[in-house]
Amino acid sequence: MIEWYKKVVFENYANFNGRARRSEYWYYALATILISVILRMLEYFCGLTSGIGELGILRGVYSLAVFIPGLAVMIRRLHDVGKSGWFLFILIIPLVGVIWLFIVLCTEGDDGTNEYGSDPKEEFDEMDDIGKEVA
């Protein structure tokens, strides 16, 4: 999970091109939620918030820091299922847009290459090929 998070936040900070696997998106989302919960507890115990549900300084800074990578990985996830990043505007439609986007984010990506790039599941690790004969 941490490797996917580091890949999204540090290696692909503002990369809106290409495709992202389901695991890349959902592990990033899970890590972001866990970090937000931890920051919320820190804010509460340190007295950095003045009321219930208010955004504290730590979570505010963290949210700003991960906004661009979160948007980028979501757009790359849409690319993986063959949709344009502009499909995010489906969220304008109350309830239906959220449900549709959730379903798309959970859908398996296109097999093989699509108009947004090669299948991220087909990427190989060079370390696996060391010592093997080339046919």
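Residues numbered from 1 in each chain as written. Predicted model: local features only at pLDDT ≥ 70, side-chain atom pairs only at ≥ 80, totals over all residues. Heavy atoms only, no water.

Caption draft 1: Structural detail: the packing of helix H2 (residues 22-46) against helix H4 (residues 96-106). Contact geometry of H2 with H4 gives a least axis separation of 9 Å together with a crossing angle of 120 degrees. One way to sum up the angle between H2 and H4 is to call them oblique. Here Arg22, Tyr25 and Trp26 of H2 come into contact with H4, specifically with Phe102, Leu105 and Cys106. The class makeup of the residues in the contact of H2 with H4 is five nonpolar, no polar and one charged. (Axes fitted to C-alpha atoms, helices over the stretch in contact; angles between N-to-C directions. Helix = DSSP H or I, 4+ residues; strand = E, 2+ residues; numbered from the N terminus. Parallel < 35°, antiparallel > 145°, perpendicular 65-115°, else oblique. Contact = heavy atoms within 4.5 Å. Nonpolar A, V, L, I, M, F, W, Y, C, P; charged D, E, K, R; others polar.)

Caption draft 2: Seen up close, the side chain of Arg77. Secondary-structure assignment places Arg77 in helix H3 (residues 57-80). Looking at Arg77, the relative accessible area reads 0%, which means it is buried. Excluding anything up to four places from it in sequence, Arg77 contacts Ala20, Arg21, Arg22, Tyr25, Val104, Leu105, Thr107, Glu108 and Gly109. (Buried < 20%, exposed > 50% of the residue type's maximum accessible area, 1.4 Å probe, protein only.)

Caption draft 3: View of the packing of helix H1 (residues 2-11) against H3. The geometry of H1 relative to H3 is characterised by a closest axis approach of 9 Å and an angle of 100 degrees between their N-to-C directions. Relative to H3, the element H1 is oriented roughly perpendicular. Together, Tyr5, Val8 and Val9 of H1 and Tyr62, Val66, Pro69, Val73 and Arg76 of H3 make up the contact between the two elements. Residues belonging to the contact of H1 with H3 are distributed by class as follows: seven nonpolar, no polar and one charged.

Caption draft 4: View of the nonpolar core. Ranked by internal contacts, the top residues of the largest apolar core, which has 19 residues, are Tyr5, Tyr28, Val73, Met74, Leu88 and Leu101. Put simply, the parts of the chain that give this core at least two residues each are H1, H2, H3 and H4. A per-element tally of this core places H3 first, with six residues. Those residues in contact with Met74 that lie beyond four places of it in its chain are Tyr25, Leu88, Leu101 and Leu105. (Core = buried A, V, L, I, M, F, W, Y, C linked by side-chain atoms within 4.5 Å.)

Caption draft 5: Quick peek at empty space enclosed by the protein. Applying the stated criterion to the full structure yields one cavity of 30 Å³ or more. Of the volumes computed, that of the largest cavity is approximately 50 Å³. Arg21, Asp80, Glu108, Gly109, Asp110, Asp111, Asp119, Pro120 and Lys121 together form the lining of the largest cavity. Along the lines of polarity and charge, the residues of the lining of the largest cavity split into one nonpolar, one polar and seven charged. (1 Å grid on protein atoms, 1.4 Å probe; cavity = no way out; pocket = protein on both sides within 12 Å on 5 of 7 lines; lining within 4 Å. Points joined across faces, edges and corners; volume = space filled by probe spheres on them.)

Caption draft 6: Main features of the side chain of Arg19. Examined against the element boundaries, Arg19 turns out to sit in the loop between H1 and H2. At 2.8 Å, the side chain of Arg19 and the side chain of Asp80 are in polar contact. Within the local environment of Arg19, its side chain forms a polar contact with the backbone oxygen of Gly112, the two atoms lying 2.7 Å apart. (Polar contact = N/O pair within 3.5 Å; in protein donor to acceptor, adjacent residues only side chain to side chain.)

Caption draft 7: Expanded view of a nonpolar patch on the surface. Together, Ile33, Val37, Ile38, Met41, Leu42, Tyr44, Phe45, Leu48, Ile57, Leu58 and Val61 make up an exposed nonpolar region whose accessible area comes to about 1100 Å². Of all the elements in the fold, those that place two or more residues in the nonpolar patch are H2 and H3. Overall, Val37 belongs to the partly exposed group, its relative accessible area being 44%. (Patch = residues over 30% accessible without salt bridge, like charges linked within 9 Å, V, L, I, M, F, W, Y side chains within 5 Å. Areas by Shrake-Rupley, 256 points an atom, 1.4 Å probe, with all protein chains shown as cover. Salt bridge = Lys/Arg side-chain N within 4 Å of Asp/Glu carboxyl O.)

Caption draft 8: Region of interest: the packing of aromatic side chains. A full pass over the atoms with the stated rule returns six aromatic pairs. When the centroid spacing of 5.8 Å and the interplanar angle of 15 degrees are considered together, the rings of Tyr5 and Tyr28 count as stacked. Here Tyr5, found in helix H1, pairs with Tyr28, found in helix H2; they are 23 residues apart in sequence, far enough to count as distant. A relative accessible area of 5% places Tyr28 in the buried class. When the ring of Trp86 is compared with that of Phe89, the centres are 5.6 Å apart and the planes differ by 15 degrees; the resulting orientation is stacked. For the pair shown, Trp86 and Phe89 are each scored as exposed. A cation over a ring is seen here: Lys83 above Phe87, with NZ or CZ 5.6 Å from the ring centre. (Phe/Tyr/Trp six-rings, centres within 6.5 Å; stacked < 30°, edge-to-face > 60°. Lys NZ or Arg CZ within 6 Å of the ring centre and 35° of its normal.)

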